[in-house]
Number of protein chains: 2
Amino acid sequence: MRRGKTFIICGPSGVGKGTVVARLLASDPALYLSVSATTRLPRTGEEDGVHYHFLTRERFQEWIEAGDFLEYAQYVGNFYGTPRLYVDRAMDQGRDVLLDIDVQGAAQIHRQRPEAVRIFVAPPSWEELERRLIGRGTEDMEKVRSRLERGREEFSVAGGFDYFVINDTVDRAVEELRAIMLAEHCRPEERMALIDRK
Amino acid sequence: MRRGKTFIICGPSGVGKGTVVARLLASDPALYLSVSATTRLPRTGEEDGVHYHFLTRERFQEWIEAGDFLEYAQYVGNFYGTPRLYVDRAMDQGRDVLLDIDVQGAAQIHRQRPEAVRIFVAPPSWEELERRLIGRGTEDMEKVRSRLERGREEFSVAGGFDYFVINDTVDRAVEELRAIMLAEHCRPEERMALIDRK
């Protein structure tokens, strides 16, 4: 059986990454979306193991020391991280893994696992991203501006990424992501072994 | 407009490359299959510019000296080569280009144009390739054996290729080739320029 691969999906807030990832998951039940661990308290409706793995600070610290995170960071006083165990288990089962994380997390994982494929979901233009952020209607202009600025920063350090998917239409973005995942399973390391074995 | 890319398709005799390439071309009219130049005489039914560009030896020699071939080789007393002009013109028009050539030709092109994507179409197994070669019924066992041997040789030097497509079923092989071509258009060089321009 072929082994699963890890696909890191980054992209600025408002680009529509959540919608695209949801569509990918719906189209392929074997796909595994990594669930982050966090020390923050659950909000109403959030389930342990579904939205996050909720850990105490002590537990989180133990996992850090045991090397149980592929990446982790502190944000507004809480820790967030990608548990190694679930990712490896899914890949061992032949499932591809999606990591929806930020570019700093992607850089941490890249250092340990350069074979993890890094994909940046980009807006068709910065004006369009601004329109989408304003269109949400949930944030004031100052927050919109700060998200845009962070988006541009993430974009500027993403030049080393393997792929850029432009989320112009969701259908097209999903098609491109699926193409990337299939193409990455056609790499010589995986395929030559397959043929030689027979 | 996006620029076209070059995809080099190699693979052993009998693997079904012709069928797969024909299906690709039928599914995408913008795709351009490079037509080789040769000094051998046309066979019945062969048209100049369709099956080959038929050149005199003098003309072929001039093209070599002018650097007008992306790759060329001599085979059983005749010259064969890939004219640079038609490939570049198609790419300038935004068309992707397929080159159906052997691994030696692929190596020549790779030295000049490392950005050309190299894909090896492989059989699901060597036994299956043997069955397909015998199944054609057009060749005696000695020729089958010599083709198999050459196929294994080509495979053994194709480790540096970008992708391996296993032609188990034509549908699957075509799907993988299309995925590879789409994925390669999601590379940062192409995409970052697209976003920055806006």
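Bear in mind that the values here come from a model prediction, so they are computed numbers and not experimental data. (Residues numbered from 1 in each chain as written. Chains lettered and ligands numbered in written order. Predicted model: local features only at pLDDT ≥ 70, side-chain atom pairs only at ≥ 80, totals over all residues.)

1. Describing the overall build of chain A
Scanning chain A from N- to C-terminus turns up 8 helices and 9 strands. Structurally, chain A occupies a C-alpha span of about 60 × 45 × 30 Å along its principal axes. For chain A, with 198 residues in total, the buried portion stands at 34%. The long-range share in chain A, meaning contacts at least 24 apart out of those at least 6 apart in sequence, stands at 68%. (Helix = DSSP H or I, 4+ residues; strand = E, 2+ residues; numbered from the N terminus. Buried ≥ 20, exposed ≤ 12 C-beta atoms within 10 Å, placed from the backbone. Contact = placed C-beta atoms within 7 Å.)

2. Some details on the pairing of strand 8 (residues 117–122) of chain B
Side chains on a regular strand alternate between the two faces of the sheet. All names here are of chain B. The buried fraction of strand 8 is high, at 6 of 6 residues. Side-chain alternation along strand 8 places V117, I119 and V121 on one buried face and R118, F120 and A122 on a second face that is also buried. Sheet analysis places strand 1 (residues 6–10) next to strand 8, joined by 4 bridges and oriented parallel. Paired with I9 across the strands is I119, a residue of strand 8. (Pairing = 2+ DSSP bridges.)

3. Concerning the confidence of the model for chain A
Put simply, chain A has an average pLDDT of 93, and 98% of its residues get 70 or more. Complex prediction metrics read pTM 0.93 and ipTM 0.92. (pLDDT = per-residue confidence, 0-100.)

4. Quick word on the sheet that holds strand 3 (residues 37–38) of chain A
Within a beta sheet, neighbouring strands are joined by backbone hydrogen bonds and run either parallel or antiparallel to one another. Residue and element names in this part refer to chain A. What the 4 strands build is an open sheet, ordered 4-3-6-5; its pairing is mixed. Looking at strand neighbours, the two that pair on one side only are strand 4 (53–54) and strand 5 (69–75), the edges of this open sheet. As paired strands, strand 5 and strand 6 (residues 78–83) are joined by 6 bridges and run antiparallel to one another. Looking at the pairing, Y75 lines up with N78 of strand 6. In the packing of helix 3 (residues 84–92) onto the sheet, the strands contacted are strand 5 and strand 6, and the crossing angle to strand 6 comes to about 20°. Against the sheet, helix 4 (residues 103–112) touches strand 5 and strand 6, its axis set at about 150° to strand 5. (Axes fitted to C-alpha atoms, helices over the stretch in contact; angles between N-to-C directions.)

5. Here we look at the nonpolar core
Formed by 92 residues in total, the largest nonpolar core has its most connected members in I8 and I119 of chain A together with I8 and I119 of chain B. Sequence-distant contacts of I8 of chain B, defined by excluding residues within four places in its chain, comprise L99, I101, A106, I109, A116, V117, R118 and I119 of chain B. (Core = buried A, V, L, I, M, F, W, Y, C linked by C-beta atoms within 7 Å.)

6. Thoughts on the relation of the copies chain A and chain B
Put simply, the second copy of the chain is the first one after a rotation about an axis and a shift along it. The transform that puts chain A on chain B rotates by 180° and translates by 0.0 Å along the axis, for an RMSD of 0.0 Å. Taken together, the turn and the small shift mark the pair as related by a two-fold rotation axis. Across chain A, the rotation axis passes nearest the C-alpha of A179 of chain A, at a separation of 2.1 Å. When the interface residues of chain A are mapped onto chain B, 100% of them again fall at the interface, so both copies present the same face. (Least-squares fit on C-alpha atoms with pLDDT ≥ 70 in both.)

7. Examining the environment of D102 of chain B
Residues and elements named next belong to chain B. Checked against the element boundaries, D102 lands in the loop between strand 7 (97–100) and helix 4 (103–112). D102 sits 53 residues away from G49 along the chain, and the two C-alpha atoms are 20 Å apart. Beyond its immediate stretch of four places on either side in the chain, D102 contacts C10 and E154.

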